[in-house]
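# Chains, contacts and geometry: an overview
Listed below, chain by chain, are the residues.
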Amino acid sequence: MNERFRILEPTPTMGILSMDDDVLRPCEAIDSGFFKWTENPSRMVGFDARSYEVKEEGHWSYAYMSVTEKANRYSLTLPRYCFIHRDYLNWYFTDMPKPILEKVESIFNCEDIAMSFFVSSLTGGQPPLLADFWAIKSMLKLYSPKRISGQKQHKSLRDDCVDSFADLLNLKDKLQPATYVHRDNYLFECGAEANKSNQEDNGMVGRHTEHVEQVGRWSNMNPQDAMKEVSKLINTMAGNAYVRGLIEKTEPWQKRWKR
């Protein structure tokens, strides 16, 4: 699992979109994360917030999405969909504590926790940033015949990773949990506070300008109507996935996978 972060060919860009092959999002949602990352390139910008819980004797355990949402606090993000500076991918292999790399290799799990904690350890304990909440909720999960999360001891493995990795990276007194959803403007303000952009409108590329204008229109709608617009994007995106048999329990899926 460590190898997912290894750069095999020179990259033409400083920013890398790290993503699993069973997750889709509309281009507009990807833009939400990308343009936030361009203004905060030292931080990870993710779409999948997670957290930890403190148990007996100060041990940390991994908290799933349901716990994160209930507490409305998060402290890490999953690189199954995130923007990250290419330097972190290189430093993962050169600067990560060796016991973490060995642990990931031995259990074939937890590389996502390792990377999120690693970046936080290099940025003063700051949590990753998040894309807008509407973009987070635009995910379409595709069918995958093999899922690591389906392993019998998946949760216990990740509990141990969160606790031991936080110790090895000296994060237990440093990592700063942040508010997940800001209730007063929940569709457009999500996660830790990002740096404010100093870029003037006339310095934006065309796609960035279009993104700002689109989000501006949505922010003037009531949240229900704005999410209807997002749903249209998801439905358009889902069409191709449906035809290719990647939407579980549909007719094309049954034909492709002979279920």
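Residues numbered from 1 in each chain as written. Predicted model: local features only at pLDDT ≥ 70, side-chain atom pairs only at ≥ 80, totals over all residues. Heavy atoms only, no water.

### A look at the sheet that holds strand β5 (residues 60-63)
Selection rule: Strand pairing is assigned whenever DSSP detects at least two bridges linking the two strands. A run of DSSP states H or I qualifies as a helix once it reaches four residues; a run of E qualifies as a strand once it reaches two. Both are numbered from the N-terminal end. Two residues form a contact once any of their heavy atoms are found within 4.5 Å. Angles run from 0 to 180 degrees between N-to-C directions of axes, and those axes are lines fitted to C-alpha atoms, restricted for helices to the stretch in contact.
Spatial ordering of the open sheet is given by β5-β4-β7, a layout of 3 strands whose pairing is antiparallel. Two strands in the sheet have a free side with no partner beyond their single neighbour: β5 and β7 (76-77). As paired strands, strand β4 (residues 49-54) and β5 are joined by 4 bridges and run antiparallel to one another. When the sheet's bridge partners are listed, Val 54 is paired in β5 with Trp 60. The sheet contacts of helix α7 (residues 154-168) involve β4 and β5, and relative to β5 the element is tilted by about 130°.

### Brief notes about the packing of aromatic side chains
Formally: Put simply, two rings from Phe, Tyr or Trp (the six-membered ring, in Trp's case) pair if the centres are within 6.5 Å, and we call them stacked under 30 degrees between planes, edge-to-face over 60, tilted for the rest. Here's how the labels work: a residue is buried when its accessible area is under 20% of the maximum for its type, exposed when over 50%, partly exposed in between, all with a 1.4 Å probe on protein chains only. Criterion for a charge above a ring: Lys NZ or Arg CZ within 6 Å of the ring centre, and within 35 degrees of the ring normal.
With the rule as written, the count across this model stands at 13 aromatic pairs. Ring centres of Tyr 92 and Phe 93 lie 5.3 Å apart, and the angle between their planes is 75°; this geometry places the pair in the edge-to-face category. Relative accessible area serves as the criterion here: at 0%, Tyr 92 is assigned to the buried category. A relative accessible area of 22% means that Phe 93 is categorised as partly exposed. Among the aromatic residues, those joined into a cluster by ring pairs are Tyr 74, Phe 133, Tyr 180 and Tyr 186. Stacked on the ring of Tyr 81, the Lys or Arg Arg 25 has its end atom at 4.8 Å from the ring centre.

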